[in-house]
Amino acid sequence: MSSFVGEKDRKIIPRWRGFEGSVETSIAGHIEPSVDVSASLQSNIDDWDREQSLWTALDVVGGAIVENRLDLATGALDRLRSDPRTPPAALALVAQNERNLTPSEESQISIQDRCRDQIRVSRRRLSDYPFDPIEWIDLARSFTTLGSLDKAQRCIATGLVLAPSDVFVLRASSRFYIQQQDPERAQHILTKAPRTLKNPWLLASEIAAASSAGRESALLKVATRLEQADFRNEDLTELRAAIATAELDAGSTVKGKKLLRRSLRGANENSLAQVQWMDRTRLGNIIDTSTANVPDEHEAAAWRSFFEGKWGNSAERALTWFKDQPFSVNAGIFCSYILSGPAGLPGQALEVLKIALQANENNLVLRNNLAYTHIQLGQLKDAEAALASIQKIPSSLDYALVQATTGLLEFRKGSLENGRVSYDSAIKIFLEEGGDEHAGRAATFLALEEVRLRTPESPAAVKLAFALTENHKRMDITAKLQELNTEVEHWLQESGKTVIR
Amino acid sequence: MLLGLTLDDGWIVTELLPRSLGQTGGTFSCSYKIEHPDGRKAFLKAIDYDMALTNSDPAGKLKELVDAFVFERTIVELCGNRKLSRVIRAQGSGTKTPPGKNVVQYLIFEMADGDIRKQLSQMPAFDLVWRLRCLHHVFVAIQQLHGSEIAHQDVKPSNVLGCGHEGHKIADLGRSWHAKTTSPFDSFGCAGDTNYAPPELLYSGCTLTEEERRLGADFYALGSMVIFMFTGLRMTAALMGAMPIDLRWNRTREPYANVLPQLQHAFGSVVSQLRIDIQSDELFSEIKLIVEQMCNPDISKRGDKKHTASIGTRFVLQRFISRLDTLATRAGFGKLGAI
């Protein structure tokens, strides 16, 4: 049985994107540039109008780039592009400027190939100029995605030495240590940076890191003051969501609700996902998140579609979420779950899992989902190997999850008795540990296996499945029950009966 | 205004030159070509006080213009007296009253062939030796100025003029700084052209020593000239082009210290892009080193640190000049490989 996380525990952990992709969302204090043309640029333009040579064209384009007024240098730009004598580096720099002005398009090549390319580029750049903290962090991200975590850690350390108070560097470093299951260190990096006290993005990350470490942030009061300071809503949205989460965790529902609603003003995809999750799990769907106008809402949209039972849409959004954060455990688990299960795309799930496991080699749920996906694809030996590779089972619920998958594998191998024992053990533990929905899902899976094989144990298994899923609310369980119903109906038609006894 | 008139020392004003010619804030000055009956040609820069009278604060504007003119005259005379060979020579100054107009003050400079943009555009092929030699001359010019306690503060391609067999010289000292003379631009955050200015002067919140503000800006501008010679773009444009739009100097209130990591990232990108145009590893590593030390966005990393201990300042150009001279000589012998 595959599984996913995110139902019980979501923190507003900072997203870690490549620098170019993240900067628009984390910079406080925007100003609108002047529309006037400076005397300097005007002088360049006059020179160009008078003497349309290549080098005056280069000069006017240079001035226009500095003032973000390339619209005034279109003739000169045309000249640069058409003149074979234009220095190639000038064309490359102009192209880079244009890339920075337009949203980046999703690359068609795979995540791993893209990371390898990025590592090559970053290494070359850092060999030319090693004092670039951002490039070290970008390199760390690529290494993290590919699972070279020691190398990534060294890059993070270098980035932190070069820019110990930069927002991008601090947030990415904090995110890296959360990824490394070291939330204390993730918090420490932020707590010791003086800038954290004044920057809403850093404070939001600090609160999330503290919360991941299982403690309350000592900076909550500072955060509450800063939340009301003169920042753009876009700069405060994650901080508001982080404080709201802390308030709701502490039982302050009224404050939490207010902050969640405020967080929707200027929301980004991370804060929207947090608001939506808090609303669904803690408040019972009372907040209208449709007012938030977030352009690239991957995670929130994936969850929303999931709970609406729109599997195709949910899978599509989950894949975008995963491509955005390919090292994220939650993205990997959710994406593999939806692809291998409700969306019926186990081949794609396998691809996702291979990538996700590089950064999270020992993650039990990912390994369990890998085994489940292999079972779906009929690759039973691979499934067995995936289950055997699980080294540590931290909790009884995790153990039950593995037992359920083992049960499925045993059924597919033809060892029905072993399968039943595993499933029974899983269901028992789920019920004992309060995992009622998981128990219902495991029972449904068991019943499906029994009915498909038309075993004498089928009626009892079906009854148990329906009994344990009586109060469920999830669309994925509903879908599984429908599958079970259909299978039962086929069986009844075959046997000429009307009721299973 | 002066066209067709004969000046007191026999010069005849023969041609009004286009206004800007890259001059920073030259709105109130006019440039003329002048010829002497003995065949000499020169360049005349005249201050148009009449235009100042149309300003909303004519008295203030007049004072500003007079102060600026007097300052520039003082500086060019000082350069002349010290015989700075790489600075455009002033050949005189004076006043003339055109019929029906107010008095016009002027400075006469030696005539140049044109600025390097024009020269580069007329070159049929890439000439590495020429470019390195030109850079060498500009570096020497700034060294001569620094030796006279003057910071140019407005080094840019349009102020580097070709002077025939004499090579290249630096022009336009109107925005310069002199340790012993007060300039009307001393209080400006950025005295020179902002579009060529170093990032520490563009972003807010950077505390600078006088040396860093003046000599550091010249160092940056010289490094920018190196970038210009090889990529055609000034450093400020290359840096801003590589910065995300929301972090550019005219789009954010973030202080210099907060954007420095991003500027370093942009700088790293510019240094890497240099490889596209410089294939020779030896030349690339030399140019990279010069650019890194001349126009590092982090002002504290700019300059030649080897000199700090011995002479108390890192803003010393000697080693860069030697390096450029060696490079130009080696390139002349074809020893730098294909570019």
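The residue numbers shown here count from 1 along each chain, following its written sequence. To read the labels, note that chains go from A and ligands from 1, taken in the order they are written. Reporting in this predicted model follows two pLDDT cut-offs: at least 70 for local features of residues, and 80 or more for side-chain atom pairs to be given and counted; totals over whole chains, interfaces and linings ignore these cut-offs and use all residues.

S.K.: Could you give me a rundown of the overall build of chain B, with the residues and numbers involved?
M.R.: Regarding its fold elements, chain B presents 11 helices and 10 strands. What you see for chain B is a C-alpha radius of gyration of 21 Å, in line with the 20 Å of a compact globule of 339 residues. In terms of principal-axis extent, the alpha carbons of chain B reach across some 60 × 50 × 40 Å. Remark: C-beta atoms are placed from the backbone, and a residue is labelled buried if 20 or more other C-beta atoms sit within 10 Å of its own, exposed if 12 or fewer do, or partly exposed between those counts. Counting across all 339 residues of chain B, residues that qualify as buried make up 50%. At a minimum sequence separation of 6, the contacts of chain B that also span at least 24 residues come to 63%. Helix and strand assignments follow DSSP, with helices taken as H or I runs no shorter than four residues and strands as E runs no shorter than two, numbered in order from the N terminus. This radius of gyration counts C-alpha atoms alone. The globule rule is 2.2 Å times how many residues there are, raised to the power 0.38. Once C-beta atoms are placed from the backbone, any two residues with those atoms within 7 Å are in contact.

S.K.: Quick one: what's the story with the sheet that holds strand β3 (residues 41-47) of chain B, residue by residue and with numbers?
M.R.: All names here are of chain B. Spatial strand order, β1-β2-β3-β5-β4: 5 strands in an open sheet with antiparallel pairing. Unpaired on one side and paired on the other, β1 (12-17) and β4 (90-96) mark the two borders of the sheet. Pairwise comparison of adjacent strand axes, ignoring direction, gives a mean angle of 30° for this sheet. Taken together, the 6 bridges between β3 and strand β5 (residues 104-110) define a ladder with antiparallel strand orientation. Counted as the bridge partner of lysine 45 is leucine 107 from β5. Paired strands, as defined in this entry, are two strands with at least two bridges between them according to DSSP. With axes taken as lines fitted to C-alpha atoms, and helix axes fitted only over the stretch in contact, angles between N-to-C directions fall between 0 and 180 degrees.

S.K.: Describe the interface of chain A and chain B, naming the residues involved and giving the relevant values.
M.R.: Across the contact, 55 residues belong to chain A and 50 residues belong to chain B. When residues of the side of chain A that touches chain B are traced back to their parent elements, those giving at least two are α1 (19-22), α2 (39-50), α3 (54-66), α5 (88-101), α6 (111-128) and α7 (133-146) of chain A. Counting residues per element, the side of chain A that touches chain B draws most heavily on α5 of chain A, at 10 residues. The class makeup of the residues in the side of chain A that touches chain B is 26 nonpolar, 15 polar and 14 charged. Classification convention: Asp, Glu, Lys, Arg as charged; Ala, Val, Leu, Ile, Met, Phe, Trp, Tyr, Cys, Pro as nonpolar; all other residues, Gly among them, as polar.

S.K.: With reference to specific residues and values, describe the environment of glutamate 35 of chain B.
M.R.: Residues and elements named next belong to chain B. Note that glutamate 35 resides in strand β2 (residues 29-35). On the basis of neighbour count, glutamate 35 is assigned to the partly exposed category, with 16 C-beta atoms found within 10 Å. Between the alpha carbons of glutamate 35 and methionine 111 there is a distance of 9.9 Å; along the sequence they are 76 residues apart. Filtering out sequence-adjacent residues up to four positions away, glutamate 35 remains in contact with Ile12, Thr14 and Lys41.

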